[in-house]
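Single-letter residue listing:
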Amino acid sequence: MSQMIWCRPKAVIEKFIPNEYIAACGDSGTVYNFECNAGIKYRGDRNYHYNVWTSSGRVLTDRNSGYYGPCGATHQADSDDEFLNGYIDDIYTYGLTGGNPGIAYLDDQNRLGINANAEDDPQNATNNPYNRLRNVSGNIQVNTLKTRLYAVLTPLKGLTIQGSYTYDYYDKFKENKPNFVPMYNFQTNTLYTDGVGQTSIANYNEKTFRNFMDATVRYERNFFDNRLSTNLMVGGSQEQYKRQFFSGTRKDLIDPSLNVIGGAIGESSTTGNVTEWAMRSFFGRLNLGWDDKYLLEVNLRADGSSRFLADNRWGYFPSFSAAWRISEEGFMENTKNWLDNLKVRASYGSLGNNTLGDNRDNDGNYTSQSLYAQTNYVLGRAVAMGLSQTAIANAALTWETTYITNVGLDYNVLGNRLSGSVEFFNKRTEGILIDLPAPKVHGNATIPKQNSAQITNRGLEFSTNWSDKAGKDFSYNVGFNFTYIKNNVDKFKGDDYTIKDARILQEGLPIWSLYVREADRIIQTDEDLAIVQAMLDNPAVEGKVVFPYGTPQKGDILYKDLNGDGLVNDDDRTVIGNGQNPTFTYGVNLGFNWKGIDFSALIQGQAGIKDVYLSALYKTTVRQGYQLNADVIDGRWYEGRTDASYPRLLDYSDTRNEQYSDFWVTDKSYLKIRNITLGYTLPTAWSKVAYMDRVRFYGSLENFFTFTKWKGYDPEVNGIKYPTMRQVVVGVNVTF
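First things first, this report covers the structure right here in the doc. (Residues numbered from 1 in each chain as written. Predicted model: local features only at pLDDT ≥ 70, side-chain atom pairs only at ≥ 80, totals over all residues. Heavy atoms only, no water.)

1. Some remarks on unusual backbone geometry
For step 1, the next point in the chain: Here the phi dihedral of Asp 292 falls at roughly 60°; this positive angle occurs in a residue that is not glycine.
For step 2, the next point in the chain: Position of Asp 292 relative to the elements: it lies in the loop between strand 11 (268–290) and strand 12 (294–305).
For step 3, the next point in the chain: A positive phi angle is found at Leu 414, which is not glycine, with a value near 55°.
For step 4, the next point in the chain: For Leu 414, the location among the structural elements is in the loop between strand 17 (400–413) and strand 18 (418–434).
For step 5, the next point in the chain: For Leu 414, a relative accessible area of 35% gives the class partly exposed. (Helix = DSSP H or I, 4+ residues; strand = E, 2+ residues; numbered from the N terminus. Buried < 20%, exposed > 50% of the residue type's maximum accessible area, 1.4 Å probe, protein only.)

2. A look at the pattern of salt bridges
If the charged atoms of two oppositely charged side chains come close together, the side chains can form a pair.
For step 1, the next point in the chain: Within this structure, the stated rule accounts for 33 salt bridges.
For step 2, the next point in the chain: For Lys 293, the salt bridge is made with Glu 329, and the minimal N-O distance between the two is 3.6 Å. With Lys 293 in the loop between strand 11 and strand 12 and Glu 329 in the loop between strand 13 (314–325) and strand 14 (339–353), this residue pair connects regions lying 36 residues apart in the sequence. This pair shows no difference in class: Lys 293 is buried, exactly as Glu 329 is.
For step 3, the next point in the chain: A salt bridge links Asp 714 to Lys 672, with the shortest nitrogen-to-oxygen separation between them at 2.9 Å. Of the two residues, Asp 714 is situated in the loop between strand 34 (694–708) and strand 35 (727–735) and Lys 672 in strand 33 (residues 670–681); the sequence distance between them amounts to 42 residues.
For step 4, the next point in the chain: Lys 672 gets classed as buried once you look at its relative accessible area, which sits at 2%.
For step 5, the next point in the chain: Residues participating in the shared-partner salt-bridge network are Asp 292, Arg 325, Glu 328 and Lys 336. (Salt bridge = Lys/Arg side-chain N within 4 Å of Asp/Glu carboxyl O.)

3. A short note on the pairing of strand 6 (residues 159–178)
For step 1, the next point in the chain: Bridging between strand 5 (residues 136–156) and strand 6 involves 19 bridges; their strand directions are antiparallel. Bridge assignment links Val 152 to a residue of strand 6, and that residue is Gln 162.
For step 2, the next point in the chain: With antiparallel pairing between neighbouring strands as the criterion, strand 5 and strand 6 make up a hairpin whose turn holds two residues, including Gly 158 at a positive phi of roughly 90°.
For step 3, the next point in the chain: Here strand 6 runs beside strand 9 (residues 200–223); their pairing, made up of 18 bridges, is antiparallel. (Pairing = 2+ DSSP bridges.)

4. Structural notes on the sheet that holds strand 4 (residues 112–113)
The strands making up a sheet associate through hydrogen bonds between their backbones, and the pairing can be parallel or antiparallel.
For step 1, the next point in the chain: One open sheet holds the three strands; their spatial order is 4-7-8, and the pairing between them is mixed. On the outer flanks of this sheet lie strand 4 and strand 8 (190–193), each paired with one strand and no other.

5. Digging into the nonpolar core
For step 1, the next point in the chain: Core analysis: the biggest nonpolar cluster contains 27 residues, and Leu 514, Phe 547, Leu 558, Val 612, Tyr 618 and Trp 664 have the highest contact counts within it.
For step 2, the next point in the chain: Elements with a minimum of two residues in this core: strand 23 (513–516), helix 4 (526–536) and strand 25 (557–559).
For step 3, the next point in the chain: Counting residues per element, this core draws most heavily on strand 25, which supplies three residues.
For step 4, the next point in the chain: Sequence-distant contacts of Leu 558, defined by excluding residues within four places in its chain, comprise Glu 518, Ala 519, Asp 520, Arg 521, Ile 523, Ile 531, Val 532, Met 535, Phe 547 and Pro 552. (Core = buried A, V, L, I, M, F, W, Y, C linked by side-chain atoms within 4.5 Å. Contact = heavy atoms within 4.5 Å.)

6. Regarding the pairing of strand 10 (residues 228–251)
For step 1, the next point in the chain: As judged from the 24 bridges shared by strand 9 and strand 10, these two strands associate in the antiparallel manner. Paired with Asn 222 across the two strands is Ser 229, which belongs to strand 10.
For step 2, the next point in the chain: Counting the residues that bridge the hairpin from strand 9 to strand 10 gives four residues, and of these Phe 224 lies at a positive phi of roughly 50°.
For step 3, the next point in the chain: The pairing of strand 10 with strand 11 spans 23 bridges and is classified as antiparallel. The partner of Arg 250 across the bridge, within strand 11, is Ser 268.

Coordinates in, geometry out; function isn't part of it.
Structure, rendered in structure tokens:
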């Protein structure tokens, strides 16, 4: 019998937001983690293994930031990434683009300044980034606990019984209150805003509990002189999740320094809710192999979800796969000197999805049931309290099912130096939940989603890798992978469709295809303007609005009349591109080792994807005090110019040139060098002198190089969002 116990406490200072913010607000977060693992093994005639693993943690942030915004940007995201992106959006939109480069944001007394330029829009006066950073303060505390207990029992040869239980606890507390920061006009040295307002404080507490347990029984045995191998597994699992939250706000703090709701005496408001779901599953798998040449696997699982009513609660999802190692056949004997492995494989199976919204845990847990809420009504000339139905039930709601077919070929040749695979896949998802048209008689109640849509993804995957040695000390490897995929909406709403911004979802098209107008030209000459006049003089459109976005003048975009009705409107939009997903993705990995020096590089990219880039960075509308992009300014049209690459500058309220059109469509393909790492491992004799087994120094560049035509910060990020971070990492690995 052996015992093993280890525990590892650690406290780490982590900066959750950029260094520029740290400098402005002096904020950081402290993370405390404690991990502990304990286990017992007993070996005799029978083998027993018990293990307990526990991890707990706590996150604290400083007073001047917290969850409710970095010293100011107020929002309630549910993850650090959303928090960070919301912060960047807010600062950029209202601070940087709306800030005059000539503004003195701070003076030597740390006072905030306004945009006092008389020529600028008065609304822009307080668009000082530091004001955005300072106008809210708060705290956030997060406590987590994760515990897993598992046991393995081997009572007989080939028989293994395993079980586990996992408990996950999450507790988050947030508090915030507004700060009223005085701002000054430094040109006149006068107070612009006095920094006085109605005080308030808000508290928010959220707790989540997750329980997961599973048990499996596995039996392995060979028959017929080990020619037939068998592996049978059966098991079950169940998961339960519960989330509860409470928030309260109260106005009029007795003193602004107080940080508890009890310190306020004004109006108050509260809200709270609980949501939960559970799932139970049973599953089994049988693996058969004959002479390691013919392989068969059969799976079956049954899943039951609390999100569906009893008659539709259970979904059954079988899958099958088979493989033939052709290289092991007798008729392939003559290829043994160069062919190491050749395997043909095929599979077909189904998977279920019971997630009914964007958030796996918290959305759609009660969609199959009618929902009610408090409603006031008038009875006898008095207001009475009652209930009204807010959501109509869909008792037929059930599992969304994905059917996947794969056919592939795996190969290893030339002493396993060259290896790879080719695979065709077909993925069809049925019963996707969508909102179908409904009659108006349902009133204000929400219409339930229905299992009505179907989408197919087809494609081809290819990968290959070459590994070899050159001489005694030099080894290297080169790998390449490539994926082609095409998707189609097979079933949606019949002839109906859904439009969201510049994209359309409709049967027969790729998912969320670009649906935009086609730009004919930028009107730059009298001849161009004559085309517009001819369209206005067309007798067929007499009495009609030809240009609902505004009659184009010199410097404006002229859109095409694609349907030929003489009008240039939303009916002239057309589908371009291949949807919101890339047609091709690819990757390359490189590496070598030579006398303790190791090098590796990872390259990744995508192609065949376009998107509309119409953001604050590249718009041609002007707002007093807001900054403009240099490319737009240099390329704009002005009187006498005939080679403009951008339309004329217009007031921000005039959006005639900012309609979704192919003029603003940009190629979103890219090639990124994700990682370059160079390392050196000291000779063993050197490290042994210091009583160490291995010492390796290394440095790496992460996401440093991007090649793209995309005009935004990052082709992997939409709009003005926080881009993929570039990092330089230098470190040492020591093994004792």
